[in-house]
Amino acid sequence: MDDSVKSAWEGLRGLPKPTLKDLFAADPERAGKLSTSVALAEDAILFDWSKTHLDDAHLETFTALADAAGFARHRQALLTGEIVNPTENRAAEHTAQRGIGKEESVAQAQAFHARMASLVEAIHKGVLGDVRHLIHVGIGGSALGPALAIDALARDGAMVDVHVVSNIDGCAMEQAMEACDPATTMLAVASKTFTTIETMTNAQSALDWLKSSGVDDPFGRVVALTASPDKALEWGVDETRILPFSESVGGRYSLWSSIGFPVAIALGWPGFAEMLEGAGAMDRHFAETDGADNVALRAAFADQYYTRLRGCQTRAVFAYDERLAMLPSYLQQLEMESNGKSVTADGAPVGAPTAPITWGGVGTDAQHAVFQLLHQGTNLVPVDFIAAIEPGHELGEAHHRILLSNCFAQGAALMAGQSDDDPARVYPGDRPSATILLDALTPATFGALVAFHEHRTFANAVLMGINPFDQFGVELGKQIANQIEAGDVRFDSSTEALLAKAGISK
Ligand code: F6P
């Protein structure tokens with residue numbers, strides 16, 4: 001570890017840790033100082049980090065750490081398409097999908113988007129026949145983003161009814177088949193590599209279902225979304241319906257590429273384009289704002305504070321918005337697959353905790369289930385609350401007023417705590433939270449919210465000196481599953497006994 005990085009961490013470890021109560025008492029301007037509004041074309045998003053323990057001394061020393069860790073240089077490398085994933089010798093060019101990046105990469109993304117827009121518009125115009133349903137098959141980054149975006153943005157009526165199927169468990173595919181009429185169903189096969197066993201098995205089952213349901217040319221209904229177009233062609237997809245994207249777009253960062261095809265199918269192309277623009281506005285904020293005014297970097301300062309200076313092993317996210325119920329699952333992949341590492345980008349042991357476990361739920365449901373632990377448990381869990389000022393429904397205003405009051409009440413209660421003569425009724429307080437408040441949940445604010453989390457994840461990785469863009473940790477289990485399928489390797493006695501009991505040993 002570089003000496004200046006080491007000394008910034010030492011400086012951070014030595015700082016006093018005042019309570020939230022003390023921090024607010026010492027500075028009446030604190031709420032305003034640690035709240036930043038990022039303006040998009042129409043709406044804005046407020047990022048309020050004042051109920052975290054970041055004080056001036058921590059902000060200053062974290063800023064020194066970011067400088068020592070070369071944050072500006074790493075950010076520049078990310079946003080100009082340099083190699084930022086050294087173990088795979090790749091760039092990470094998701095922002096090029098939103099217009100920010102190396103010129104050739106932005107031009108290529110635009111050309112791929114134009115191809116995708118034509119196919120989306122052709123489908124909506126009925127050029128490919130009557131299309132009422134789309135079964136989107138993909139897993140991990142090839143499913144979580146589209147599923148989240150559609151659930152968040154297409155509740156008021158999707159142009160085409162989309163079913164995202166990820167799990168290899170046939171129950172998932174059967175459910176989609178039951179909901180769709182094969183005569184009016186298209187199949188999108190989404191896989192960056194076009195080799196993922198779950199996706200290819202599900203795709204084959206969906207094709208077989210189309211065929212056995214009387215569809216003459218099942219492959220005529222297939223669209224491939226992939227960075228491996230040759231493999232899609234080989235599998236049988238017609239070249240005109242292969243929507244490629246660049247190898248330099250990581251799976252968990254691929255919503256913005258052709259992996260977002262089902263989102264464009266559900267919302268229409270203008271909605272998808274608006275999502276890209278919202279993400280682009282956040283990219284510009286991230287690119288152009290220095291130090292703790294950069295909302296993603298400031299959030300990463302707080303993340304590092306809790307993980308490395310306060311020993312928090314988890315962080316929780318609660319969207320007080322039913323439309324964002326899938327956000328914790330999406331963020332779990334983004335944050336844990338990116339930063340759940342034990343070595344630095346140079347391959348040295350990291351020597352300190354990396355990504356906490358991301359978990360969460362939807363408010364107010366979670367209040368009646370898991371908040372007991374947040375208020376009185378022995379784990380300190382930093383919480384993010386996310387809400388939109390404009391309601392997403394047309395029921396009476398009481399719903400939204402109660403929803404938002406509860407959201408803000410939880411942050412206030414976690415921080416303030418309450419004393420009582422009865423120990424069982426004591427709330428210790430001084431428990432941190434951050435609040436992200438959207439003017440409204442639109443494709444643009446949604447895009448910006450997701451891009452904020454991508455940049456926060458990257459900023460955390462830079463502060464820890466790790467590579468957020470590989471994911472070798474997922475490989476060993478896949479290899480062993482393949483060995484089990486092949487039946488040519490023997491395992492430990494527990495695994496052998498389980499295989500025998502389930503009747504699948506070979
Ligand atoms: O196994 C993990 C992973 O490689 C993820 O990173 C990725 O999003 C997912 O599998 C799906 O991969 P693909 O898009 O290549 O099918």
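Residues numbered from 1 in each chain as written. Predicted model: local features only at pLDDT ≥ 70, side-chain atom pairs only at ≥ 80, totals over all residues. Heavy atoms only, no water.

(A) Seen up close, the overall build of the chain. Scanning the chain for helices and strands turns up 19 helices and 11 strands. When the 506 residues of the chain are sorted by exposure, 53% land in the buried category. Long-range contacts, defined here as pairs at least 24 residues apart, represent 74% of the contacts in the chain between residues at least 6 apart. As displayed, the chain has an accessible area near 21800 Å², and 52% of this comes from carbon and sulfur atoms. Computing the positive centroid from 37 side-chain charges and the negative centroid from 65, the chain places the two 3 Å apart. (Helix = DSSP H or I, 4+ residues; strand = E, 2+ residues; numbered from the N terminus. Buried < 20%, exposed > 50% of the residue type's maximum accessible area, 1.4 Å probe, protein only. Contact = heavy atoms within 4.5 Å. Areas by Shrake-Rupley, 256 points an atom, 1.4 Å probe, with all protein chains shown as cover. Lys, Arg positive; Asp, Glu negative; His and termini not counted. Charge placed at Lys NZ, Arg CZ, Asp CG, Glu CD.)

(B) Quick look at the site of the ligand. Looking at the ligand, there are 14 residues lining it, with Ser 142, Ser 191, Lys 192, Thr 193 and Thr 196 nearest. Within the side chain of Thr 196, one N or O atom sits 2.5 Å away from an oxygen atom of the ligand. Protein chains bury 87% of the 400 Å² of accessible surface belonging to the ligand in isolation. For the shell around the ligand, the per-class residue count stands at 2 nonpolar, 9 polar and 3 charged. (Near = heavy atom within 4 Å. Polar contact = N/O pair within 3.5 Å; in protein donor to acceptor, adjacent residues only side chain to side chain. Nonpolar A, V, L, I, M, F, W, Y, C, P; charged D, E, K, R; others polar.)

(C) Helix H16 (residues 397–416), seen in detail. Along its 20 residues, H16 runs 28 Å from first to last C-alpha, staying within 8% of the 28 Å computed at 1.5 Å per residue. If you check which residues of H16 are buried, you get His 400, Leu 403, Leu 404, Cys 407, Gln 410, Gly 411, Leu 414 and Met 415. Looking straight down H16, one finds its buried side chains confined to an arc of 135°; they lie on one side. Facing away from the buried side of H16, by more than 90 degrees, are the exposed residues Glu 397 and Ala 416. (Expected span 1.5 Å × (residues − 1). Arc of directions from axis to C-beta.)

(D) Quick look at the sheet that holds strand E8 (residues 314–319). Reading across from one edge, E1-E2-E11-E10-E8-E9 is the order of the 6 strands in this open sheet, with mixed pairing throughout. On the outer flanks of this sheet lie strand E1 (35–39) and strand E9 (357–362), each paired with one strand and no other. Averaged over all neighbouring strand pairs, the angle between strand axes comes to 15°, with direction disregarded. Where E8 lies against E9, 6 bridges are found, and the strand directions are parallel. Counterpart to Ala 316 in the pairing with E9 is Trp 359. (Pairing = 2+ DSSP bridges. Axes fitted to C-alpha atoms, helices over the stretch in contact; angles between N-to-C directions.)

(E) Empty space enclosed by the protein, seen in detail. For the coordinates displayed, the defined rule picks out 5 cavities of 30 Å³ or more. One number sums up the size of the largest cavity: a volume of about 140 Å³. Lining the largest cavity we find 14 residues, and of these Asp 303, Glu 335, Asn 339, Pro 356 and Asn 460 sit closest to its centre. Elements supplying a minimum of two residues to the lining of the largest cavity: helix H13 (295–309), helix H14 (327–339) and helix H17 (443–464). (1 Å grid on protein atoms, 1.4 Å probe; cavity = no way out; pocket = protein on both sides within 12 Å on 5 of 7 lines; lining within 4 Å. Points joined across faces, edges and corners; volume = space filled by probe spheres on them.)

(F) Looking closely at the environment of Gly 477. Looking at where Gly 477 falls in the secondary structure, it is placed in helix H18 (residues 475–486). The class of Gly 477 is partly exposed, set by a relative accessible area of 48%. On a C-alpha basis, the gap between Gly 477 and Phe 47 in space is 38 Å, while along the polypeptide they are 430 residues apart.

(G) Main features of the domain arrangement of the chain. According to the domain assignment, the chain consists of domain 1 (3–68 + 289–470), domain 2 (95–273) and domain 3 (473–502). Computed over C-alpha atoms only, the centres of domain 1 and domain 2 are separated by 33 Å. Taken residue by residue, the interface counts 25 residues in domain 1 and 19 residues in domain 2. When domain 1 packs against domain 2, close to 1900 Å² is buried across both sides, 66% of that on carbon and sulfur atoms. Across the domain 1-domain 2 interface, the total number found is 2 salt bridges. The salt bridge partner of Arg 98 is Glu 454, with a shortest N-O separation of 2.8 Å. For the interface between domain 1 and domain 2, the tally reads 9 residue pairs in polar contact (both at pLDDT 80 or more). For the side of domain 1 that touches domain 2, the secondary-structure elements that each account for two or more residues are H14 and H17. When residues of the side of domain 1 that touches domain 2 are assigned to their parent elements, the largest contribution, 8 residues, is made by H17. Grouping the constituent residues of the side of domain 1 that touches domain 2 by class yields 12 nonpolar, 8 polar and 5 charged. (Domains from an automatic or database assignment. Buried area = accessible area lost by both parts, 1.4 Å probe. Salt bridge = Lys/Arg side-chain N within 4 Å of Asp/Glu carboxyl O.)

(H) Looking closely at helix H6 (residues 103–124). If you check H6, its first and last C-alpha atoms are 31 Å apart, about what 22 residues at 1.5 Å a residue would give, namely 32 Å. Of the residues making up H6, those classed as buried are Ser 105, Val 106, Ala 109, His 113, Met 116, Ala 117, Leu 119, Val 120, Ala 122 and Ile 123. On the buried face of H6, the contacting elements are strand E5 (185–190), strand E6 (222–226), strand E7 (242–244), helix H11 (261–267) and helix H12 (269–288). Of the residues flanking the end of H6, it is Gly 126, one or two places downstream, whose phi is positive at about 85°.

(I) Region of interest: the packing of aromatic side chains. Scanning the model with the defined rule gives 17 aromatic pairs in all. Ring geometry for Trp 9 and Phe 62: centres 6.2 Å apart, planes at 85°, overall edge-to-face. Highlighted residues: Trp 9 in helix H1 (residues 3–14) and Phe 62 in helix H4 (residues 56–68), separated in sequence by 53 residues. This pair shows no difference in class: Trp 9 is buried, exactly as Phe 62 is. Each ring, one from Phe 318 and one from Trp 359, has its centre 5.7 Å from the other, and the planes form 90°; the classification is edge-to-face. Of this pair, Phe 318 sits in strand E8 while Trp 359 sits in strand E9; the two residues are 41 residues apart in sequence, bridging distant segments of the chain. With relative accessibility at 0%, the residue Phe 318 sits in the buried group. A relative accessible area of 21% means that Trp 359 is categorised as partly exposed. Here the aromatic cluster, defined as three or more aromatic residues joined through ring pairs, consists of Phe 71, Tyr 253, Phe 286, Phe 458 and Phe 469. Here Arg 30 stacks its cationic end above the ring of Phe 24, 5.5 Å away from the centre of that ring. Directly above the aromatic system of Trp 256 lies the positively charged group of Arg 98, at a separation of 4.5 Å from the ring centroid. (Phe/Tyr/Trp six-rings, centres within 6.5 Å; stacked < 30°, edge-to-face > 60°. Lys NZ or Arg CZ within 6 Å of the ring centre and 35° of its normal.)

(J) Highlighting the nonpolar core. Judged by nonpolar contacts, the single largest core of 103 residues is most densely connected at Phe 261 and Phe 446. For this core, the element with the most residues is H17, which contributes 11 residues. Not counting residues up to four positions away in its chain, the partners in contact with Phe 446 are Leu 148, Ala 149, Ala 152, Leu 153, Leu 255, Met 275, Leu 324 and Leu 441. Counting residues in each nonpolar core, the second largest holds 22 residues, with Ile 135, Ala 176, Met 177 and Ala 232 among its members. (Core = buried A, V, L, I, M, F, W, Y, C linked by side-chain atoms within 4.5 Å.)

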